[in-house]
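# Coordinate inspection notes
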Amino acid sequence: IPLGSFKRNQFGAMVNGPVIKNRTFFLGSYEGLRERSLANATSTVPTDLQRRGDFSETRIANGSLIRIFDPFTTRAQGSGFVRDPFPGNVIPQSMIDPVARNVVRYYPQPNTVTNAVTNVNNFINSGSRRFDQNQIDGRVDHNITGAQRIFGRLSWRENTDAPPAFFPGDLAIAEGRIIQGVTQPSASIDYSNTLSPATVWTVRFGVSRSIFDYNNQGLGFRPSSLGLPAAIDNVVDRQMFPRFGASGFVNLGGNDHRYSTFNTFTLLSNLSKVAGNHNLKFGWEGRLIRVNVWEARSAGTFNFAAGFTQGPNPNQASSTAGHSMASLLLGTGTTGNVLIRNWKNVASQSFYHAFYAQDDWRITARLTLNLGLRYEVDLPRTERYNRMNWFDENAASPLARTVPGFANLRGGVRFVGVDGNPRTQFNKDLNNWAPRAGLAYQVDGKTVLRGAFGLFYGPSRQAAQGTVGPFGFRVEYPWVTTIDGITPFNRLSSPYPEGFRDVPGAADGLLTQAGANLQAFWPDSPSPMNRMWNFTIQRELPGGVLLETAYVGNQGRNLSSSTEGGLEFNQLDPKHMALGSALNERVPNPFFGIVNNGVHLSPTIARGQLLRPYPQFTNVQPLYHPTSYSDYHAWQNTFKRRFSQGLMLSLIHISEPTRL
């Protein structure tokens, strides 16, 4: 089989020389890259029969029929539940959701047969990926005097990554292709002054900017043209093809479109001085970080799995019962689907300061000490329009006064800049002292001892970034597909029957996102920290062999246990798990008529929801929660032997017990 086409052209040029003899010099360079590569895609699309709701020929690999069950016949039977199969394994045309009928038209037609029994991997196509890159650099150096020098640098980086198009041209708007563009200009200016033969002062200013442009190729598509409510056209951040996913099939639509900038301004000053047997360094570094993020998610996310069409026991999965495409045609989606408004509209800013001092002290010809201290202050970020909040787990919920049986209800978000709250999300972390110490001692002509300890801090989660959890200003409208996990509630043709409320901002206070998912930062979020140490013995052995044996240790503290998910604080207490299937039983909803959102729109609700720590919410997810740690210890041994003609042999042994 011939290799696919791959073309890569890399080219550039550089010029440099004097402007003023012996005083001013310049350098300029350009480098370009053009790359084209063939890519193949193999995926599964629905067959003609499946598009019509006919699953009489839908089988697994051994030829067994995949039976389709009617989720609208779900009923209690004994201690469980049961469903009826569709006669002939065909969904009646009257039951096919009108939106789903339009959606399946955007799947490409099968163009190959790789398995006549299962009909999987029945769509194959190829396309060309385009990657373009340009890099430009310019620099000017100038000697002001024999002791003073200055230089300036300006750089520009840009690249465009366009994935291949696999869908036919008339269906391209539904493919979900995103052309990614990144532009990175930066500049710096540096001044140094040799104040005396033993003292040098330097100061540098720099600015860098990263622009991320993710261009969704589904832009301009009106969701209502699929039959979805017309209100969606006006509530989404950008009109584009919604995201549809049926398990096992190629996805339709993309879920990202953004134009975001990350800007860093840096100023630092350093003084170096040699005083006898001391080499001293003192300095300060300051940063201003500004992040302007605009990200739009898709015009609704609609996912489907086999669960709603499996049976006869709806709680029992089987390879021969239930099909995701059948669930899509019925408009019965999975849980967790949301339409997000103002996904990440953020204009955040933060300041960073670091002060440091270091002394490399050569006490004797055999003993040298390295002593240093750094103090870092990462001030909590602010947001230009106060679109931030934090989770207060101890706050008394206003619902405690109105919902019977929940007098001790707590939890909710507090907003910055209102009700006397500061403009920052976090409590200041002012304890970032970072001492460093090292020594080198020559015992004799063949033995050296070395040791070091250092404490280091990573980038603070309090600094300006795009993920600030701006719920209230970011609104999630959940598609409540089921209340009890087995009975359909809202179908695809009417996913949001309650409509869309305006963005409330801080107006809802502790009731923000009641009835739905909530993400937020906790106010105590110290910087991630690493303690690092080592002790090393170096010994020259007979035969010119060098032995180096070392103990190396590392402790990580305040590490992230989660990102934008991955940790759930609204889980049932394990003592409730003994209730088993009773957790899914529908009981009267005390929040009904009080909370007009999400799961609380129904007069009945699953018993398990009311037993959660925060029953007014579905999920409560902490953002970048700093509760993880790591421990690392290693014994490292190295033998080195230098031979003639530059040959060197090294044998290394490392023993690493590690705990995360």
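First, a word on what this report is: a plain description of the structure on this page. (Residues numbered from 1 in each chain as written. Predicted model: local features only at pLDDT ≥ 70, side-chain atom pairs only at ≥ 80, totals over all residues. Heavy atoms only, no water.)

### Concerning the overall build of the protein chain
Counting its secondary structure elements, the protein chain contains five helices and 30 strands. C-alpha atoms of the protein chain, sized along the principal axes, occupy 95 × 70 × 55 Å. Of the roughly 32000 Å² of accessible surface on the protein chain, a fraction of 55% belongs to carbon and sulfur atoms. The centroid of the 63 positive side-chain charges in the protein chain is displaced by 5 Å from the centroid of its 46 negative side-chain charges. (Helix = DSSP H or I, 4+ residues; strand = E, 2+ residues; numbered from the N terminus. Areas by Shrake-Rupley, 256 points an atom, 1.4 Å probe, with all protein chains shown as cover. Lys, Arg positive; Asp, Glu negative; His and termini not counted. Charge placed at Lys NZ, Arg CZ, Asp CG, Glu CD.)

### Topic: the nonpolar core
If you look at the biggest cluster of nonpolar residues, it comprises 43 residues, and the most contacted ones within it are Ile 91, Tyr 107, Phe 244, Phe 302, Met 325, Leu 328 and Leu 492. At the level of elements, helix H2 (98-103), helix H3 (231-235), strand S9 (243-246), strand S12 (301-304), helix H4 (324-330) and strand S21 (475-478) are the ones that each hand at least two residues to this core. Top contributing element to this core by residue count: H4, with five residues. The contacts of Phe 302, once residues within four sequence positions are left out, are Leu 228, Pro 242, Arg 243, Phe 244, Gly 245, Asn 337, Trp 479, Leu 492, Pro 495 and Tyr 496. Counting residues in hydrophobic clusters, the runner-up holds 14 residues, among them Leu 409, Val 480, Ala 514 and Val 599. (Core = buried A, V, L, I, M, F, W, Y, C linked by side-chain atoms within 4.5 Å. Buried < 20%, exposed > 50% of the residue type's maximum accessible area, 1.4 Å probe, protein only. Contact = heavy atoms within 4.5 Å.)

### Looking at the pattern of salt bridges
Throughout the structure, instances matching the rule amount to 24 salt bridges. Between Asp 190 and Arg 204 there is a salt bridge; the shortest N-O distance is 2.9 Å. Taken together, the residues span a long stretch of sequence, with Asp 190 in strand S7 (residues 178-196) and Arg 204 in strand S8 (residues 199-216) at a distance of 14 residues. By relative accessible area, which is 12% here, Asp 190 ends up buried. A salt bridge links Asp 508 to Arg 501; the nearest nitrogen and oxygen atoms lie 2.6 Å apart. Judged by relative accessible area, which is 45%, Arg 501 ranks as partly exposed. Ionic contacts of the salt-bridge type, sharing partners, join the residues Arg 8, Glu 35, Arg 129 and Asp 161 into one network. (Salt bridge = Lys/Arg side-chain N within 4 Å of Asp/Glu carboxyl O.)

### What about the packing of aromatic side chains?
The description of an aromatic ring pair rests on the distance of the ring centres and on the angle between the ring planes. Within this structure, the stated rule accounts for 21 aromatic pairs. Arranged with centres 5.3 Å apart and planes meeting at 20 degrees, the rings of Phe 244 and Phe 302 form a pair that is stacked. With Phe 244 in strand S9 and Phe 302 in strand S12, this pair connects stretches of sequence that are 58 residues apart. With respect to class, Phe 244 is no different from Phe 302; both count as buried. With a centroid separation of 6.0 Å and 75 degrees between ring planes, the pair formed by Phe 415 and Phe 473 is classed as edge-to-face. Taken together, the residues Phe 415 in strand S18 (residues 410-415) and Phe 473 in the loop between strand S20 (447-457) and S21 connect sequence positions 58 residues apart. (Phe/Tyr/Trp six-rings, centres within 6.5 Å; stacked < 30°, edge-to-face > 60°.)

### With respect to unusual backbone geometry
For the peptide bond that leads from Gly 311 to Pro 312, omega is 0 degrees, which places it in the cis range. Of note, Pro 312 is situated in the loop between S12 and H4. With a phi angle near 55 degrees, Asn 121 is a residue other than glycine that sits in the positive phi range. Position of Asn 121 among the secondary structure elements: in the loop between H2 and strand S5 (123-143). Although it is not a glycine, Tyr 624 sits at a positive phi angle of roughly 50 degrees.

### Looking at the side chain of Gln 425
For Gln 425, the location among the structural elements is in the loop between S18 and strand S19 (432-444). Separated by 2.9 Å, the side chains of Gln 425 and Arg 381 make a polar contact. At 2.9 Å, the side chain of Gln 425 forms a polar contact with the backbone oxygen of Val 468. Not counting chain neighbours up to four residues away, the residues in contact with Gln 425 comprise Arg 381, Met 388, Asn 389, Trp 390, Val 416, Val 468, Phe 521 and Pro 523. (Polar contact = N/O pair within 3.5 Å; in protein donor to acceptor, adjacent residues only side chain to side chain.)

### Focus: the environment of Pro 229
Among the structural elements, Pro 229 can be located in the loop between S8 and H3. For Pro 229 and Leu 649, which are 420 residues apart along the polypeptide, the C-alpha to C-alpha distance reads 72 Å. For Pro 229, the residues in contact, after removing those within four places along its chain, are Ser 224, Ser 493 and Pro 495.

### Section: empty space enclosed by the protein
The tally for this structure, following the rule as stated, stands at one cavity of 30 Å³ or more. By volume, the largest cavity is sized at about 30 Å³. Around the largest cavity, the lining residues are Lys 344, Thr 467, Val 468, Gly 469, Pro 470, Arg 474, Gln 519, Glu 564 and Leu 623. Residue classes in the lining of the largest cavity are distributed as three nonpolar, three polar and three charged. (1 Å grid on protein atoms, 1.4 Å probe; cavity = no way out; pocket = protein on both sides within 12 Å on 5 of 7 lines; lining within 4 Å. Points joined across faces, edges and corners; volume = space filled by probe spheres on them. Nonpolar A, V, L, I, M, F, W, Y, C, P; charged D, E, K, R; others polar.)

### Focus on the layout of surface pockets
Volume-wise, the largest pocket comes out at about 930 Å³. Thr 335, Gly 336, Arg 612, Thr 618 and Asn 619 are, among the 38 residues lining the largest pocket, the residues nearest its centre. Looking at the lining of the largest pocket, the elements with two or more residues in it are strand S13 (338-341), S21, strand S26 (604-606) and helix H5 (607-610). Of the residues that constitute the lining of the largest pocket, the class distribution is 14 nonpolar, 18 polar and six charged.

### As for the environment of Arg 101
Within the secondary structure, Arg 101 is located in helix H2. A relative accessible area of 30% places Arg 101 in the partly exposed class. For the pair Arg 101 and Pro 488, spaced 387 residues apart in sequence, the C-alpha to C-alpha distance is 18 Å. Leaving out residues up to four positions away in the same chain, Arg 101 has contacts with Gln 93 and Ile 96. Engagement of the side chain of Arg 101 in a polar contact is seen with the side chain of Gln 93, the distance being 3.0 Å.

### Some words on a nonpolar patch on the surface
On the surface, Val 15, Val 19, Ile 20, Phe 26 and Val 140 cluster together to form a nonpolar patch covering roughly 410 Å² of accessible area. Of all the elements, strand S1 (residues 6-20) adds the most residues to the nonpolar patch, at three residues. Position of Val 140 relative to the elements: it lies in strand S5. (Patch = residues over 30% accessible without salt bridge, like charges linked within 9 Å, V, L, I, M, F, W, Y side chains within 5 Å.)

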